[in-house]
Amino acid sequence: GKYLWDKGRWNQYAYYGELAYISAIKIQNHEVHAAICLQDLGWCYFWQADLTRAKRYIYEGLSIAEKYHLLDLKALGQQRLGKIYQAEKNYPAAIKIFQQSLSYFVQAKEEERIGDTLTYLGESYWLSGNYQSCQMYLSKALVKVNDSSDLPQKAIIYSNLGGFYFKDFFDSADQIGLPSR
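Chains are numbered independently. Their residues run from 1 in the order of the written sequence. Only residues with pLDDT of at least 70 are given local features in this predicted model, and only at 80 or more are side-chain atom pairs given and counted; all residues enter the totals for whole chains, interfaces and linings. Neither water nor hydrogens contribute to the side-chain values; these are computed over all heavy atoms in the structure.

Digging into unusual backbone geometry
In the Ramachandran plot, Gln28 falls in the positive-phi region, its phi being about 55° despite a non-glycine side chain. Residue classification places Gln28 among the exposed positions, given a relative accessible area of 59%. If you check the backbone angles, Ala49 has positive phi at about 65° while not being a glycine. Exposed residues in this analysis have more than 50% of their type's maximum accessible area, buried residues have under 20%, and partly exposed residues fall in between, with area computed by a 1.4 Å probe over protein chains only.

Here's what the structure looks like:
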């Protein structure tokens, strides 16, 4: 699966994910069933911009995670559902569900997931026009991942913070009549 994912072979990845999904149901392995829905199929369809299918698998995985008290998978599912709401431009729903997943990740001390979720909150606030909250969450995310080796995550946070500061520059330039764009 990882090879197909890394190569962007989404259809093949989904095909094998569907086989694993059917197998998990047949053997009644609820944790694997939920994980396949949340980590594999839901996320695969999200990246293919098939948000309807992505949501279907995410909700199915969340339902299983709740029923069997798989709290780590529930939090992951909430995080993924937040990204779907964000893609649909439903920022209030995205923020609410990111807050729920953040609460679990903080309680479980999952540092990498905390950094990811703080970043997603910052992005959602940015996209909704709440720049003060955006800056706060992105700054917290940067502190959280600063000591990690997750260079792509650091790059995303720096890029988002850069966009935040450039936005202020462009707004100031517009206010005093300077050409900014």
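On we go from here.
Let's talk about the nonpolar core
Inside soluble globular proteins, nonpolar side chains tend to come together where they are buried. Among buried residues, the Ala, Val, Leu, Ile, Met, Phe, Trp, Tyr and Cys ones that are joined through side-chain atoms within 4.5 Å form a nonpolar core. Leu73 and Leu121 are the most contacted members of the largest nonpolar core, which totals 45 residues. The helix and strand labels rest on DSSP assignments: H or I over at least four residues marks a helix, E over at least two residues marks a strand, and numbering proceeds from the N terminus. When residues of this core are traced back to their parent elements, those giving at least two are α2 (10–26), α3 (30–47), α4 (51–67), α5 (71–87), α6 (91–108), α7 (111–128) and α8 (131–145). When residues of this core are assigned to their parent elements, the largest contribution, 10 residues, is made by α3.

Topic: the packing of α5 against α7
Put simply, α5 and α7 touch, their axes get as near as 11 Å, and they point 20° apart. In terms of axis orientation, α5 runs roughly parallel to α7. Every pair of crossing elements has a handedness; the one defined by α5 and α7 is left-handed. Residues Leu76, Gln79, Arg80, Lys83 and Gln86 of α5 form the contact with α7, whose own contacting residues are Arg113, Asp116, Thr117, Tyr120, Glu123, Ser124 and Leu127. In the scheme used here, Gly and all other residues not listed as nonpolar or charged are polar, with Ala, Val, Leu, Ile, Met, Phe, Trp, Tyr, Cys and Pro taken as nonpolar and Asp, Glu, Lys and Arg as charged. By residue class, the composition of the contact of α5 with α7 is 3 nonpolar, 4 polar and 5 charged. Only the contacting stretch of a helix is used when fitting its axis, a line to C-alpha atoms as for every element, and angles between N-to-C directions run 0 to 180 degrees. Here roughly perpendicular refers to angles of 65 to 115 degrees, roughly parallel to angles under 35, roughly antiparallel to angles over 145, and oblique to all remaining angles. The sense of a crossing depends on the near helix, which, turned anticlockwise from the far helix by less than a right angle, makes the crossing left-handed and, turned clockwise, makes it right-handed. We call two residues in contact whenever any of their non-hydrogen atoms come within 4.5 Å of each other.

Digging into the packing of α7 against α8
At their nearest, the axes of α7 and α8 sit 8 Å apart, and the two run at 160° to each other. The angle between the axes of α7 and α8 places the two elements in the roughly antiparallel class. For the element pair α7 and α8, the recorded crossing hand is left-handed. Across the interface between the two elements, Glu111, Ile114, Gly115, Leu118, Thr119, Leu121, Gly122, Glu123, Tyr125 and Trp126 from α7 touch Tyr131, Ser133, Cys134, Tyr137, Leu138, Lys140, Ala141, Lys144 and Val145 from α8. Of the residues assigned to the contact of α7 with α8, the class counts are 11 nonpolar, 4 polar and 4 charged.

What to know about the confidence of the model for the protein
In this model, the protein carries an average pLDDT of 83, and 81% of its residues clear a pLDDT of 70 or more. For every residue, the predictor assigns a confidence score, pLDDT, that lies between 0 and 100. Mean pLDDT across the elements of the protein bottoms out in helix α9 (residues 151–175) (60) and peaks in α6 (95). In this model, residues 176–181 is a region of pLDDT below 50 whose contacts with residues beyond four sequence positions or in other chains number 7 contacts.

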